[in-house]
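A look at the structure
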Amino acid sequence: MTKRILIIEDTPTIARVQKHIAEKIGYQADIAGSLAAAKHLITSHTYFCAVVDFILPDAPKGEAVGCTVNADIATIVMTGSIDEQTRSAVEKHAIVDYITKENKQAFHYLEKQLYRLSRNEHVDILVVEDTLSTRQHICHLLSRHKYQIKQAKGGSEALQILAAHPEISVIITDHEMPNMRGDELCIEIRRLYNNDEKAIIGISGSNSLHISTRFLKSGANDFLRKPFNSEEFYCRLSQNVDMLEHIKTIRLQANSDYLTKLPNRRHFFEQADKQLKKYHAADTSVSLAMIDIDHFKAINDNYGHDAGDDVLISLSACFSDYFTDTLIARLGGEEFVVFFADTPPTKAKQQLEMFRLHIAKQSPELTKYAIPFTLSIGYQHGPIYDIDTLIHQADVKLYQAKQAGRNRVID
Ligand SMILES: Nc1nc2c(ncn2[C@@H]2O[C@H](COP(=O)(O)OP(=O)(O)OP(=O)(O)O)[C@@H](O)[C@H]2O)c(=O)[nH]1
């Protein structure tokens, strides 16, 4: 569902820029030029967040900020300037952030914050802290930024929660805790999980100069000394979350085919090798199918290269309807591979046959060019634990399928 944002701003040009930024991210934006107009909108809509001008003609002392915060709307405050008096007035409210409208950079920062906020609902954070009041304070700060939160009172509980919730990507951990110290927990987490999967932020109220390095050398990504300022807490946290997301994006790009978004050749060989070792150790047979579009060159020649691309994209989107728990990849050109790990051969062949039939019947409806096309498939089953041999054997069967007239499965 589209997230709705309320922009409370009395300068129309600024309101329009903010609306443009919000819509670019995917929000549905409403503008209120005054506190009165904002109150009216709040009664008729549910807002995910708000960008609020601190001073408005009918709200000169930041009353609009109080209004959105009291309505439980995540609020970003925009101010003309931030002297000490304004800062302490702004900070009285449980806001997400404040931004000064001094220059263009302010709008870049707003864009970054709005984007982050919209993503935080999908970021899971584990807070490990034995002191209830501190734990509650951190959870409160996190929920203001819409993060998903789990809590643990100590190291061993934290490890259990991490094992049960692989989606947790950030761990915020105290140092002095009964049974397991924060640095010991870091070492254990790093033994179990990679740096690019989970970020750890250590916190401590200790005056020791060495506590931060102790955390960092034990595998933490960052450190905060208690009591910390909420602004610094949010900045460090979002930097770590951003870093994990960048790594995820880079990994996804490296492993997927640019056109079809299916896993690519590199990813396929890496994963298939891993799986083969596992099945070899268990002495279980595996199977693999090579799938090739028939007369694909003719499709390019007759309908154009873009239409050929469309066929590749449309076909790729169909795989997940027929093959589950299998490794699928585009090996290159119009050639695809399905690696059936422990699917019994009868079931694998049935899935392939149904897939072939579906494409033969439905292909004109798959692309906007209404192009009919068919598939030839070579299937190899057997106790073969070398991926090149398995592919070669399936390729021989695929060649036989082509020779026999195409549009068929040969096993
Ligand atoms: N549109 C498009 N065409 C591609 C892409 N990659 C490879 N091709 C084309 O795919 C065609 C493959 O043709 P061939 O190997 O001769 O095979 P075919 O025409 O499918 O014939 P058979 O396999 O014998 O049925 C070539 O013309 C390539 O240029 C791509 O990413 N997009």
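Across the sheet, which stays open at both edges, the five strands sit in the order β12-β13-β11-β14-β15 with mixed pairing between neighbours. At either end of the open sheet lies a strand with only one pairing partner, and these are β12 (327-332) and β15 (409-410). Sheet topology note: the strand β14 (residues 375-382)/β15 ladder contains two bridges and is parallel. Its bridge partner being in β15, Gly-378 is matched across the sheet by Ile-410. Running over the sheet, helix α11 (residues 265-281) touches β11 (286-293), β12 and β13 (335-340) and is turned about 135 degrees from β12. Strands β11, β14 and β15 of the sheet are contacted by helix α15 (residues 387-403), whose axis makes an angle of about 140 degrees with β14.

We now examine helix α3 (residues 63-70). When α3 is considered as a whole, its buried residues turn out to be Ala-64, Val-65, Thr-68 and Val-69. Along α3, the residues classed as buried sweep out an arc of 130 degrees about the axis, all on the same side. Buried positions along α3 lie against β1 (4-8), α2 (35-44), β3 (49-53) and β4 (74-79). Taken from the residues just after α3, Asp-72 is the one with a positive phi, measuring 65 degrees.

Taken together, 17 residues lie near the ligand, and Asp-294, Phe-296, Lys-297, Gly-308 and Gly-333 sit nearest. Of all elements in the fold, only β11, α12 (296-303) and α13 (305-322) reach the threshold of two or more residues within the shell around the ligand. Of the residues in the shell around the ligand, the class split is five nonpolar, five polar and seven charged.

What counts, and at which threshold
- Residues numbered from 1 in each chain as written.
- Predicted model: local features only at pLDDT ≥ 70, side-chain atom pairs only at ≥ 80, totals over all residues.
- Pairing = 2+ DSSP bridges.
- Helix = DSSP H or I, 4+ residues; strand = E, 2+ residues; numbered from the N terminus.
- Contact = placed C-beta atoms within 7 Å.
- Axes fitted to C-alpha atoms, helices over the stretch in contact; angles between N-to-C directions.
- Buried ≥ 20, exposed ≤ 12 C-beta atoms within 10 Å, placed from the backbone.
- Arc of directions from axis to C-beta.
- Near = placed C-beta within 6 Å.
- Nonpolar A, V, L, I, M, F, W, Y, C, P; charged D, E, K, R; others polar.

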